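# Structural overview
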Amino acid sequence: PIQYRDIVVLLRTVRNWSEIFVEEFTAHGIPAYADTGSGFFKTVEVKIVLSLLQIIDNPLQDIPLLAVLRSPIASFSAEQLLDIRLADRNACMYDALIKLAQGESECSKKADLFLKKLDKWRTRSLHMSTDELLWYLYGDTGYFAFTGAMPGGRQRQANLRILFERA
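Attention here is on the structure that accompanies the text. (Residues numbered from 1 in each chain as written. Predicted model: local features only at pLDDT ≥ 70, side-chain atom pairs only at ≥ 80, totals over all residues. Heavy atoms only, no water.)

### Details of the pattern of salt bridges
- Taken as a whole and assessed by the stated rule, the structure comprises three salt bridges.
- Across the pair lysine 116 and aspartate 112 runs a salt bridge, and its minimum N-O distance is 3.1 Å. Residue lysine 116 and its partner aspartate 112 are both found in helix α7 (residues 106-125); the two are separated by four residues, about one turn of the helix.
- Residue lysine 116 is classed as exposed on the basis of its relative accessible area of 55%. (Salt bridge = Lys/Arg side-chain N within 4 Å of Asp/Glu carboxyl O. Helix = DSSP H or I, 4+ residues; strand = E, 2+ residues; numbered from the N terminus. Buried < 20%, exposed > 50% of the residue type's maximum accessible area, 1.4 Å probe, protein only.)

### As for the side chain of serine 108
- Here serine 108 is to be found in helix α7.
- Within polar-contact distance, the side chain of serine 108 engages the side chain of serine 105 at 2.9 Å. (Polar contact = N/O pair within 3.5 Å; in protein donor to acceptor, adjacent residues only side chain to side chain.)

### Let's talk about the layout of surface pockets
- The computed volume of the largest pocket comes to approximately 670 Å³.
- In terms of lining residues, the largest pocket is bounded by 23 residues, among which Tyr4, Ile7, Pro31, Ala32 and Tyr33 are the most central.
- Looking at the lining of the largest pocket residue by residue, the class counts come to 17 nonpolar, three polar and three charged. (1 Å grid on protein atoms, 1.4 Å probe; cavity = no way out; pocket = protein on both sides within 12 Å on 5 of 7 lines; lining within 4 Å. Points joined across faces, edges and corners; volume = space filled by probe spheres on them. Nonpolar A, V, L, I, M, F, W, Y, C, P; charged D, E, K, R; others polar.)

### A word on the packing of helix α6 (residues 93-101) against α7
- Closest axis-to-axis distance for the α6/α7 pair is 7 Å, and the angle between their directions is 120 degrees. In terms of orientation, α6 lies oblique with respect to α7. The interaxial crossing formed by α6 with α7 has left-handed handedness. The segment α6 lies against α7, with Tyr94, Leu97, Ile98, Leu100 and Ala101 engaging Cys107, Ser108, Ala111, Asp112, Phe114, Leu115 and Leu118.
- A per-class count over the contact of α6 with α7 returns 10 nonpolar, one polar and one charged. (Axes fitted to C-alpha atoms, helices over the stretch in contact; angles between N-to-C directions. Parallel < 35°, antiparallel > 145°, perpendicular 65-115°, else oblique. Left-handed = near helix turned anticlockwise from the far one by under 90°. Contact = heavy atoms within 4.5 Å.)

This is the structure:
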């Protein structure tokens, strides 16, 4: 019997078209992949994992930190991100997060828990190769399983596997 992996769509040019095809196939529950070279790094799931790696390396980077905090890895709401910013308006987000974590609110407890996880990941990163760290993070954060439950989950997990293999 024919399977999805047996089918290929050839385009004269992938530029400007491949992403549209992939989105449409995915919206209809058809697993799809386009070898565009750079499109892989533009997928949400890969961007989030790369942001996580960036803050493990240097948590003082506001944009990657906010991406991870807002993602399913940390699940901070927009209101909670505002609470972090208000904890110290003049500091970077990481320092504001540390300050907030010292409080007693529900958001403070969530911030403290995230900071402990981040510290654990940073410590582990010193003793693991990049690919080992990636696979560990996929499991420890539950992000790999989460992406599998999303629309187009098989493709999203395939993207994360490709990132792991490239590492």
